[in-house]
Amino acid sequence: MTDTHAHVVAGDLVSVEAHLADILGTIRPLAPTELSLADAYGLVLAEDVTASTPLPSFDNSAMDGYAVRVADVASSSEATPVTLPVVAEVAAGDTGAYALQAGTAIRIMTGAMLPHGAEAVVPVEWTDGGTARVTIRGQAERGHAIRLAGGDARAGEVLVGAGTRLHPMHIAVIAAAGRGAVQVRPQPRVAVLSTGSELAEPGTPIVPGRIWDSNSFMIAAAAREAGCLAYRQAIVPDRPEEVLPAIEDQLVRADLMITTGGVSMGGEYDVVKAALRRLGTIEFRKVAMQPGMPQGFGTVALPASAAPEDRSRRSLLGRLADRGEVAESPVRPGEHEHVPIFTLPGNPVSAYVSFQVFARPAIGALQADDGLGLEQTRAELTGPLRSPPGRRSFLRGVLDRSRALITPLTGQGSHQVATLGRANALIVVPEQVVQMHQGETADVLVLP
Ligand code: AMP
Ligand code: MG
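Residues numbered from 1 in each chain as written. Chains lettered and ligands numbered in written order. Predicted model: local features only at pLDDT ≥ 70, side-chain atom pairs only at ≥ 80, totals over all residues. Heavy atoms only, no water.

**Observations concerning the overall build of the protein chain**
The criterion, for reference: Comment: elements are numbered from the N terminus, with helices defined as DSSP H or I runs of at least four residues and strands as E runs of at least two. Only protein chains enter the calculation, and the probe is 1.4 Å; a residue is then buried if its accessible area is under 20% of its type maximum, exposed if over 50%, and partly exposed in between. Contacts were defined at the residue level, with two residues in contact if any of their heavy atoms lie within 4.5 Å. The Shrake-Rupley method, run with a 1.4 Å probe sphere, supplies the accessible areas, and residue values consider only the shown protein chains as cover.
Along the protein chain, the regular secondary structure elements total eight helices and 30 strands. Put simply, the protein chain has 448 residues, and 47% of those count as buried. A separation threshold of at least 6 residues defines the contact pool for the protein chain, and within that pool the share at least 24 residues apart is 72%. Surface exposure of the protein chain reaches about 20600 Å², of which carbon and sulfur atoms provide 53%.

In structure tokens:
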């Protein structure tokens, strides 16, 4: 989070790209771990999985039928059927060594190993299905209904590359190649904490002046949607002395921390900013976007010496005090293990957009996956919209993918969570554009 001045777009605003680049430049991928294939779905592969044998590994039948020599059925047709003695039967899984003699047939099932000397498989549909003798009404070319060893993949061929997020088809290939366990990036653990003395737990009664906390539930859900193990912590009130201990409590079990609230542009209630600023490892910025202008990102440190289970529980405040409580003094690099932290703005729509634009790609980076950003598309506006100069707008909209139409929703205030609940896309309006008309084509981010 250095060298911000190069990226300043207007006034002291930093561009969306520069902020994201700084975030991604800070994140280190989690160390790979070996997991059973049954647990690997949805994770990112950390090794190239190659075929240890050819696939398939032996010549086998593609159909239920009869293994034959081509010459024995060369004259066969509807009018002039050929009858051959059936001398054996091979089922899938049969490991016996069979040899086909000229003038005979071997009954064979789909996936069964091809007998030595067999040149084609005549499908059962072309025959009378006989067991002692079979009458065949058709010719078969050499190789007919035979799957050759290596016809799917050669030995040593890369089947699924490192960096692939494992979908069911990848799991299938890895299993088919005989691997029971693979090296993957672990599921990132995300701790979510919302701050604000006005916040109450949903499900409890409130009085005017209080609101129910929606951010922490929303962000934890969004992190899960992005493939994380996410959990929310109880609400932290706007008391500076409670903020650092609350964050520290979560550090030992988090690969990423996300807070919301308390980072606005400078009130005395901006307790997250006030508390974290003293660590000197988190930078608070104004990003040229709307919603979501106040952003904080950086790292919070853990002692490097301790194993994850028994890391020192000393408070961050205590460690700061050890260093003489020097404000703005950064923790020495290399001395500590660093947990990335996002301090997102408190308005729910700001927090949501900030998560999707910044935290989601960062979660991808924790897994060495650069493909976790939102899907981009373009669509025609069904109505006009406005956007402030010098800021990139992310407006809530309803995307009709089949017709490539995007409808901007009314109620674009960053507190208007009801509008958020109706949206399935964000309309991205460039910094220099202040209005767009119906019929114009807009950039759209598809919400997951
Ligand atoms: P702040 O960033 O703390 O100044 O909060 C900005 C606005 O977002 C205020 O109106 C807060 O009440 C609201 N807000 C902050 N945190 C939450 C939350 N967890 N859930 C819903 N609204 C919140
Ligand atoms: Mg607040």
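**Details of the packing of aromatic side chains**
Definition in use: We call Phe, Tyr and Trp rings a pair once their centres come within 6.5 Å, taking the six-membered ring for Trp, and we label the pair stacked below 30 degrees between planes, edge-to-face above 60, and tilted otherwise.
Tallied over the entire structure, the rule returns one aromatic pair. When the ring of Phe-297 is compared with that of Phe-342, the centres are 4.8 Å apart and the planes differ by 50 degrees; the resulting orientation is tilted. Here Phe-342 lies in strand β23 (residues 336-344) and Phe-297 lies in strand β22 (residues 294-303), a separation of 45 residues in the sequence. You can call Phe-342 buried: its relative accessible area is 0%.

**Notes on the sheet that holds strand β11 (residues 133-136)**
Note the threshold: At least two DSSP bridges between two strands are required for those strands to pair. For helices, the fitted line uses only the C-alpha atoms of the stretch in contact; every axis is such a line through C-alpha atoms, and the angle between N-to-C directions lies from 0 to 180 degrees.
Read across the open sheet, the five strands follow the order β10-β7-β9-β8-β11; overall the sheet is mixed. Looking along the sheet, the strands with just one partner apiece sit at the ends: β10 (120-123) and β11. With direction set aside, neighbouring strand axes in the sheet form an average angle of 45 degrees. Note: strand β7 (residues 65-68) against β10, four bridges, orientation antiparallel. Residue Val-68 lies in a different strand from β10, and its bridge partner there is Ala-120.

**Quick look at the packing of helix α1 (residues 16-26) against helix α7 (residues 348-366)**
Convention followed: For this classification, under 35 degrees means roughly parallel, over 145 means roughly antiparallel, 65 to 115 means roughly perpendicular, and everything else is oblique. Each crossing gets its handedness from the near helix: less than a right angle anticlockwise from the far helix is left-handed, clockwise is right-handed.
Closest axis-to-axis distance for the α1/α7 pair is 10 Å, and the angle between their directions is 30 degrees. Here α1 is positioned roughly parallel relative to α7, judged by the angle of their axes. Handedness of the α1/α7 crossing: right-handed. Packed against α1, whose contacting residues are Val-16, His-19, Leu-20, Ile-23 and Leu-24, the element α7 presents Val-357, Phe-358, Pro-361, Ala-362 and Ala-365 at the interface.

**Some thoughts on the site of ligand 1**
Applicable threshold: Distances are taken per atom, and a residue is near a molecule or strand as soon as one of its heavy atoms is within 4 Å of it. For the purposes of these results, a polar contact is taken to be a pair of N or O atoms within 3.5 Å, where, inside protein, one atom must be able to donate a hydrogen and its partner to accept one; residues adjacent in sequence count only when each atom of the pair is a side-chain atom. Polarity classes work like this: nonpolar for Ala, Val, Leu, Ile, Met, Phe, Trp, Tyr, Cys and Pro, charged for Asp, Glu, Lys and Arg, and polar for all others, with Gly in that last group.
Lining the immediate environment of ligand 1, one finds 16 residues, of which Glu-198, Asp-213, Gly-262, Ser-264 and Gly-346 sit closest. Backbone polar atom of Asn-215 to a nitrogen atom of ligand 1: 3.4 Å apart, as the coordinates give it. Contacts to ligand 1 include Ser-264, whose side-chain N or O atom sits 2.9 Å from an oxygen atom. Taking 480 Å² as the accessible area of ligand 1 by itself, protein coverage stands at 77%. Taken together, the residues of the shell around ligand 1 sort by class into four nonpolar, ten polar and two charged.

**So, the nonpolar core**
Definition in use: To define a nonpolar core, start from buried Ala, Val, Leu, Ile, Met, Phe, Trp, Tyr and Cys residues and group those joined through side-chain atoms within 4.5 Å.
In this structure, Ile-258, Phe-342, Phe-355, Phe-358 and Phe-394 are the most contacted members of the largest nonpolar core, which totals 44 residues. Among the elements that line this core, the one with the most residues is α7, at twelve residues. With near-sequence residues (within four places) excluded, Phe-394 lies in contact with Val-16, Met-289, Gln-290, Pro-291, Val-353, Val-357, Leu-426, Ile-427, Val-428 and Leu-445. Core analysis: the next-biggest nonpolar cluster, separate from the first, contains 22 residues, Val-236, Leu-244, Ala-254 and Val-339 among them.

**Re the sheet that holds strand β14 (residues 181-185)**
Strands sit in the order β3-β14-β4 across an open sheet of three strands; the sheet is antiparallel. Strands at the two margins of the open sheet, each flanked by one partner only, are β3 (33-36) and β4 (44-45). Bridge count between β3 and β14: four bridges; the pairing is antiparallel. Considered in β14, the bridge of Leu-35 is made with Val-182.

**Side note on the environment of Gly-103**
In this fold, Gly-103 is placed in the loop between β8 (82-90) and β9 (105-108). Remark: the alpha-carbon pair of Gly-103 and Pro-85, spanning 18 residues in sequence, is separated by 7.7 Å. Contact partners of Gly-103, with chain neighbours within four places excluded, come to Asp-72, Leu-84 and Pro-85.

**What to know about the packing of helix α3 (residues 215-225) against α7**
Across the interface, α3 lies against α7 with an axial gap of 10 Å and an inter-helix angle of 25 degrees. Overall, the two elements α3 and α7 adopt an arrangement that is roughly parallel. In this structure, α3 meets α7 at a crossing whose hand is right-handed. For the pair α3 and α7, contact is made by Asn-215, Met-218, Ile-219, Ala-222, Ala-223 and Glu-225 and by Pro-348, Ala-351, Tyr-352, Phe-355, Gln-356, Arg-360 and Ile-363, respectively. In terms of residue class, the contact of α3 with α7 is made up of nine nonpolar, two polar and two charged.

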